[in-house]
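This is what each chain is made of:
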Amino acid sequence: MGVGRSYCVALVGLNGYIVEVEADIGQTLPNFVILGLPDASLNEAKERIRSAAQNSGIPLSRRKITANLIPASLPKRGSGFDLAITMAVLRAANDIREIGGTVFIAELGLDGRLRPVRGILPAVMAAVQAGYPDIVVADSNAVEAALVPGAKVRGYKTLARLAFDFGADPKDLALDYNPLDADAPDEDDDVAATMPDLCDVSGQGEARRALEVAAAGGHHMLLTGPPGAGKTMLAERLPGLLPDLADTAAMEVTAIRSLAAVQSSTVRLVRRPPFENPHHSATAAAIIGGGSGLPRPGAASRAHRGVLFLDEAPEYERRVLDALRQPLESGELVIHRSAGTAAYPARFQLILAANPCPCGKASGKGMDCTCTAMMRRRYFGRISGPLLDRVDIQLQVERVFLADFGHAGEEEDTRTVAERVLAARERQLERLLAMGLETNSQVPGRTLRGELRLPPGTTRILDTALERGTLTARGYDRVLRLAWTLADLAHSDTPDMDHIGQALGLRQAAAAT
């Protein structure tokens, strides 16, 4: 008996690392030892593997089995190593032929079934990038794994069938066992048909226009107004205005969904931008990511390339809101824990909704408001100034009047507005592609004041606001980005003074109330 080897993938965040699994069968009393910083679920693999092999007709050796996961300094977690360890042990006992560079990723059931694991997409991506294109997964993970270009994926339902294909003696194998696994649920073929339509929003012409601008340029947005004004309705309709994701972005979003899913159910690339709407009682770990051991992605990462909507924003803990400042600037979340560091992409559009005061009646004349001035300042002050400074559009949403219902059916629907948004996105991409950018919201300040610099006469109103201190340097750049988006929607080559004025109004509307 020699040393058997197989390969698996360890995930740290969305980054995967090839793990070489060594198995040795000693000459001492029966025992099973796993080395290489395994977590509790991986340590439990010893019993799963023994039972699965026994029930598949290929019982493991009754001698001491030592499995070593290389590199030993890299923490290993999860049940996805079950199959790789089993194949390495079977190879060490000469029960199967040479494995070669095949990567095995699956959990084992006690009856020998191969069970799906989450995170299969980023794991297969890492294996292919590392030069290991031959992948064996559970049958219910096979469609998802095959989404990775260049991957040669084989899906199996049972360990017995897999061992047979790798040269095990069929005499004792339980090849007649054929479990009926439930098929993974497909996503709705017509996702757009299930999305709420913008024509459902009565009135709110200014807010609808602001929503179109936010979608066209990828801008963050704050909606302030009384309860029932339609803030939530507007936010929920933003994803329908966004264009489908390109291949690279779709792969990123699908990989995050694969990693975050409780049960792997992804069977195709996610083409529609995601929408995350966590409750205001959510913790920092739920929004940003975290948990015991290596941190897991939170709502901010699950909203990558989509929309993160925080309703009743002042009700969130201030430290949770301020933690969003980093990803708003960098598009990435780096979470440090004692067990390791994980980095997740988090380039999302942030939509905040808030009442003007605790009772929600301090809009318009505010005659019915029972809140004191101190209560109002304390309530809205939970959203810090540095966070608000990173929000491009800050809009006051007024309450809806009876006359607005008289125009029901006349408002533009999502499809019509989405076509204008797509045309504006195409203009941006043509202008910014050479800079490695996609939307106006990503343009850095030095570019706005360099290659895309506007004439002094056009930016006079902005320059005055900056000199008077009513606009910060960051706010100055964000107004310019809004102006470029307004110009793209108007099919103008460059923004003019009117676009600058509109952009400044969109940013200061809420602050002025």
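Look up a bit, the structure's there.
These figures come from a predicted structure and were not determined experimentally. For every chain, the first residue of the written sequence is number 1, and numbering continues from 1 along that sequence. Since the coordinates come from a predicted model, pLDDT governs what is reported: local features require at least 70, and pairs of side-chain atoms require 80 or more to be given and counted, while whole-chain, interface and lining totals use all residues. For side-chain calculations, the full set of non-hydrogen atoms in the structure is used, while hydrogens and water are omitted.

Asker: Would you mind going over the overall build of the protein chain in detail, with residue names and values included?
Answerer: Helix and strand counts for the protein chain come out as 23 helices and 18 strands. Referenced to the eigenvectors of the C-alpha coordinate spread, the extents of the protein chain come out at roughly 85 × 50 × 45 Å. Under the counting rule used here, the positive set is Lys and Arg, the negative set is Asp and Glu, and His together with the chain ends is not counted. We put the charge of a Lys on NZ, of an Arg on CZ, of an Asp on CG and of a Glu on CD. If the 57 positive side-chain charges of the protein chain are averaged to one point and the 62 negative ones to another, these points end up 6 Å apart. Under the DSSP-based scheme used, a helix requires at least four consecutive residues in state H or I and a strand at least two consecutive residues in state E, with every element numbered from the N terminus.

Asker: Residue-level account of the environment of G505, with values.
Answerer: Considering the arrangement of structural elements, one finds G505 in helix 23 (residues 497–508). Between the C-alpha atoms of G505 and V479, which are 26 residues apart in sequence, the distance is 9.2 Å.

Asker: Run through the packing of helix 8 (residues 205–217) against helix 22 (residues 473–489), naming residues and quoting values.
Answerer: Between N-to-C directions, angles cover 0 to 180 degrees, with each direction set by a line fitted to C-alpha atoms, over the stretch in contact for helices. Between helix 8 and helix 22, the shortest axis-to-axis distance is 9 Å and the interhelical angle comes to 100°. If you check the angle between helix 8 and helix 22, you find them roughly perpendicular. Here helix 8 contributes R209, E212, V213, A216 and G217 to the contact with helix 22, which in turn contributes L482, T485, L486 and L489. The residue classification treats Ala, Val, Leu, Ile, Met, Phe, Trp, Tyr, Cys and Pro as nonpolar and Asp, Glu, Lys and Arg as charged. All others, Gly included, are polar. When its residues are assigned to classes, the contact of helix 8 with helix 22 shows 5 nonpolar, 2 polar and 2 charged. In what follows, roughly perpendicular refers to angles from 65 to 115 degrees, roughly parallel to angles under 35, roughly antiparallel to angles over 145, and oblique to any angle outside these ranges. Contacts are residue-level and defined by heavy atoms, with any inter-residue pair within 4.5 Å sufficient.

Asker: Explain the nonpolar core residue by residue, including any values.
Answerer: Among the nonpolar cores identified, the biggest contains 77 residues, and F32, L83, I85, M87, F104 and I105 are the most heavily contacted of them. Ranked by residue count, the leading element in this core is helix 3 (residues 82–92), at 8 residues. Here L83 is in contact with F104, A106, L108, L114, V136, L159 and L162, once residues within four sequence places are set aside. Here the nonpolar core consists of buried residues drawn from Ala, Val, Leu, Ile, Met, Phe, Trp, Tyr and Cys, with membership extended through side-chain atoms lying within 4.5 Å. The rule is simple: take the accessible area with a 1.4 Å probe, protein chains only, and divide by the maximum for that residue type; under 20% is buried, over 50% is exposed, in between is partly exposed. F309, V417, L432 and A483 belong to the second-largest nonpolar core, a separate cluster that totals 48 residues.

Asker: Hey, could you go over the sheet that holds strand 18 (residues 393–396) for me, with residue numbers and the actual values?
Answerer: By this definition, two strands are paired if DSSP reports at least two bridges between them. Read across the sheet, 5 strands follow the order 11-14-17-10-18 without closing on themselves; strand pairing throughout is parallel. The open sheet has two edge strands with one neighbour each: strand 11 (275–276) and strand 18. Note that strand 11 and strand 14 (residues 307–310) share 2 bridges and pair parallel. Paired with F275 across the bridge in strand 14 is V307.

Asker: So what about the pairing of strand 3 (residues 31–35)? Which residues, and what values?
Answerer: Covered by surrounding structure in strand 3 are F32 and I34 only, the residues N31, V33 and L35 on the alternate face being uncovered. Two strands pair when backbone bridges link them, and strand 3 and strand 4 (residues 64–70) are joined in this way by 5 bridges, in the parallel orientation. Across the sheet, residue F32 finds its bridge partner in strand 4, namely I65.

Asker: Could you give an account of the pattern of salt bridges, naming the residues involved and the relevant values?
Answerer: Any Lys or Arg side-chain nitrogen located within 4 Å of an Asp or Glu carboxyl oxygen qualifies as a salt bridge. Inspection of the entire model under this criterion finds 30 salt bridges. For D247, the salt bridge is made with R271, and the minimal N-O distance between the two is 2.7 Å. Taken as a pair, D247 in helix 11 (residues 247–260) and R271 in the loop between helix 11 and strand 11 lie far apart in primary sequence, 24 residues in all. Among the residues examined, R271 registers a relative accessible area of 33% and is labelled partly exposed. The partner of R449 in a salt bridge is D477, with the nearest N and O atoms 2.5 Å apart. Linking R449 in the loop between helix 20 (445–448) and helix 21 (460–468) with D477 in helix 22, this pair joins segments that are 28 residues apart in sequence. Given the relative accessible area of 42%, R449 is considered partly exposed. The buried category is assigned to D477, whose relative accessible area is 10%. Beyond isolated ion pairs, a larger network of salt bridges with shared partners links E329, D389, R390, D392, R474, R478 and R507.

Asker: Give a detailed account of the state of the cysteines, specifying residues and quantitative values.
Answerer: The rule for a disulfide is simple: a pair of cysteine sulfur atoms within 2.5 Å. Counted under the stated rule, the structure contains 0 disulfides. Free of any disulfide, C357 has its nearest neighbouring cysteine sulfur in C359, separated by 3.4 Å. Take C357: its relative accessible area is 0%, and that puts it in the buried class. Overall, the relative accessible area of 27% leaves C359 in the partly exposed class.

Asker: Tell me about helix 11, and name the residues and values.
Answerer: To estimate the expected span of a helix, count its residues, drop one, and scale the result by 1.5 Å. With 14 residues, helix 11 should reach 20 Å at 1.5 Å per residue; the first-to-last C-alpha distance of 20 Å fits that figure. The set of residues buried in helix 11 consists of A249, A250, M251, V253, T254, A255, I256, S258 and L259. On its buried face, helix 11 is in contact with strand 1 (3–12), helix 4 (120–129), helix 5 (142–145), strand 13 (296–297), helix 13 (299–302) and strand 16 (340–345).

Asker: How would you sum up the side chain of D477? Please name residues and give values.
Answerer: Pairs of N or O atoms within 3.5 Å make up the polar contacts considered here, provided that, within protein, one atom can donate a hydrogen while the other can accept it, and that residues adjacent in sequence are counted only when both atoms are side-chain atoms. Side chain to side chain, D477 and R449 meet in a polar contact 2.5 Å long. Beyond its immediate chain neighbours, meaning those up to four positions away, D477 contacts G445, L448 and R449.

Asker: So what about the packing of helix 4 against helix 11? Which residues, and what values?
Answerer: Relative orientation of the contacting elements helix 4 and helix 11 amounts to 120°, with a least axis distance of 6 Å. By the angle class used here, helix 4 and helix 11 are oblique. Only M251, T254, A255 and S258 of helix 11 make contact with helix 4, whose side of the interface consists of I120, L121, P122 and M125. Each residue belonging to the contact of helix 4 with helix 11 can be placed in one class, and the counts come to 6 nonpolar, 2 polar and no charged.

Asker: For unusual backbone geometry, give the residues involved together with the corresponding values.
Answerer: Along the chain, I70 connects to P71 via a cis peptide bond; the corresponding omega equals 5°. Here P71 lies in the loop between strand 4 and helix 3. Of note in the backbone geometry, L37 takes a positive phi value of approximately 55° without being a glycine. Counting through the fold element by element, L37 comes out in the loop between strand 3 and helix 1 (40–43). On the accessibility criterion, L37 (46% relative accessible area) is partly exposed. With phi around 50°, E312 is a residue other than glycine that occupies positive phi space. Mapped onto the elements of the fold, E312 is located in the loop between strand 14 and helix 14 (318–322).

Asker: So what's going on with helix 3? Residues and values would help.
Answerer: Note that an α-helix has 3.6 residues per turn; residues three or four places apart therefore point the same way. With 10 of 11 residues buried, helix 3 is to be regarded as a mostly interior element. Residues D82, L83, A84, I85, T86, M87, A88, V89, L90 and A92 constitute the buried set of helix 3. Just past helix 3, the residue N94 takes up positive phi, approximately 60°.

Asker: Provide a residue-level description of the side chain of H219, including the pertinent values.
Answerer: Within the secondary structure layout, H219 lies in the loop between helix 8 and strand 10 (221–224). Within the structure, H219 has its side chain in polar contact with the side chain of T485 (distance 2.7 Å). Leave out the neighbours within four places in its chain, and H219 touches V213, A214, Q349, D392, I393, N440, S441, R481, L482 and T485.

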